[in-house]
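Survey of secondary and tertiary structure
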Amino acid sequence: MQILITGTSRGLGNGLAGFYLNRGHTVYGISRTANPGLDSHPSFHFLPLDLSDFNAVEEVLPEFLRKAGKLNLAVLNAGMLGEIKDMKDTSLKEIRKVMDINVWSNKVLIDLMYENLEHVSQIVAVSSGAAIFGNRGWNAYSISKAALNMLVKLYSREREETHFSSIAPGLIDSDMQEYIFSLDDDQRFPSLNRLKDQKSSGRMPSAAEAAEILAKSILKAHNEESGSFLDVREM
Ligand SMILES: NC(=O)c1ccc[n+]([C@@H]2O[C@H](COP(=O)([O-])OP(=O)(O)OC[C@H]3O[C@@H](n4cnc5c(N)ncnc54)[C@H](OP(=O)(O)O)[C@@H]3O)[C@@H](O)[C@H]2O)c1
């Protein structure tokens, strides 16, 4: 299979790329920084790119996509959390930054895929339970994942030749959780204590473990209506 994954330098995207490469697939990876464990693999093709720099994306992504020709799967995984704090303390500038990478970069990428590829069979956007929980403090991140789910649903109505889904991957012991773990206890944000407890108990899957769980769910997603929001914990 030919697979595009965004955010391959670390965390879930890095684990997922390794998972597919180990099974003989070809992976096209995109992130701003290098990809430990992947860069020397002969079936790994890398484009260093800031996906929120839309002018740069329009300039360099078409050629990278045309090299791939067609894709069996694209996993829109790159994302950022932003700062955990109240909505009232979060500036529009901060919200826009999170929205640019978590939502709008995926719109630009999807449009360029249809312009430059012969075919893309399946598109999976990596979402989060935060899209629906609305826990205090998750401000721009929650808004961005809710918008991402709707973006995917809307594209699924237009593009019947592709199977779309947004999938919450469950918790992953990555840099994102490292940031949460580093925060001081704050009674305004009780959801953080639950995550910290889970991380310190060793029950939080590593990126490699989470990637294997997500890869299984990506296969199962075909049983669901295109455009659905799914959660690996319920599949
Ligand atoms: N960790 C969790 O518990 C958890 C739970 C639910 C959902 N998720 C979702 O899962 C996905 C992966 O999360 P993770 O925990 O693996 O995150 P992570 O460890 O912070 O990795 C994020 C990846 O996204 C890339 N990225 C970020 N901004 C980028 C930009 N502007 N341009 C290009 N690439 C960019 C990073 O690469 P560079 O920095 O090299 O560019 C990195 O490879 C995210 O969409 C996240 O929202 C995570």
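Residues numbered from 1 in each chain as written. Predicted model: local features only at pLDDT ≥ 70, side-chain atom pairs only at ≥ 80, totals over all residues.

Points about the sheet that holds strand E7 (residues 228-231)
Strand pairing within a sheet occurs via backbone hydrogen bonds; the two strands may be parallel or antiparallel. Taken in spatial order, the 7 strands of this open sheet run E3-E2-E1-E4-E5-E6-E7, and their pairing is parallel. The open sheet terminates on both sides in strands that have one partner only, identified here as strand E3 (44-48) and E7. Strand-to-strand twist in this sheet, taken as the mean axis angle between neighbours without regard to direction, amounts to 20 degrees. Here strand E1 (residues 2-6) pairs with strand E2 (residues 26-31) via 5 bridges, running parallel. Residue pairing for E2: Ile3 is matched across the bridge by Val27. Packing against the sheet, helix H5 (residues 139-158) makes contact with strand E5 (119-126), strand E6 (163-168) and E7, and its axis sits at approximately 165 degrees to E6. (Pairing = 2+ DSSP bridges. Helix = DSSP H or I, 4+ residues; strand = E, 2+ residues; numbered from the N terminus. Axes fitted to C-alpha atoms, helices over the stretch in contact; angles between N-to-C directions. Contact = placed C-beta atoms within 7 Å.)

Points about the nonpolar core
Across soluble globular proteins, you tend to see nonpolar side chains buried next to one another. Counting residues in hydrophobic clusters, the biggest one holds 54 residues, and the most contacted among them are Leu12, Leu16, Ala74, Val75, Leu76 and Val124. Excluding residues within four positions of it along the chain, Leu12 makes contact with Asn77, Val126, Pro169, Ile172, Ser174, Ala207, Ala210, Ala211 and Leu214. (Core = buried A, V, L, I, M, F, W, Y, C linked by C-beta atoms within 7 Å. Buried ≥ 20, exposed ≤ 12 C-beta atoms within 10 Å, placed from the backbone.)

Let's talk about the site of the ligand
The full set close to the ligand counts 28 residues, and Gly7, Gly11, Arg32, Gly79 and Ser174 are the nearest of them. Of all the secondary-structure elements, those providing two or more residues to the shell around the ligand are helix H1 (11-22) and helix H6 (175-182). Considered class by class, the residues forming the shell around the ligand number 11 nonpolar, 13 polar and 4 charged. (Near = placed C-beta within 6 Å. Nonpolar A, V, L, I, M, F, W, Y, C, P; charged D, E, K, R; others polar.)

Section: the environment of Ile143
Take Ile143: it is sitting in helix H5. When the C-alpha atoms of Ile143 and Ala130 are compared, they prove to be 8.4 Å apart, with 13 residues separating the residues in sequence.

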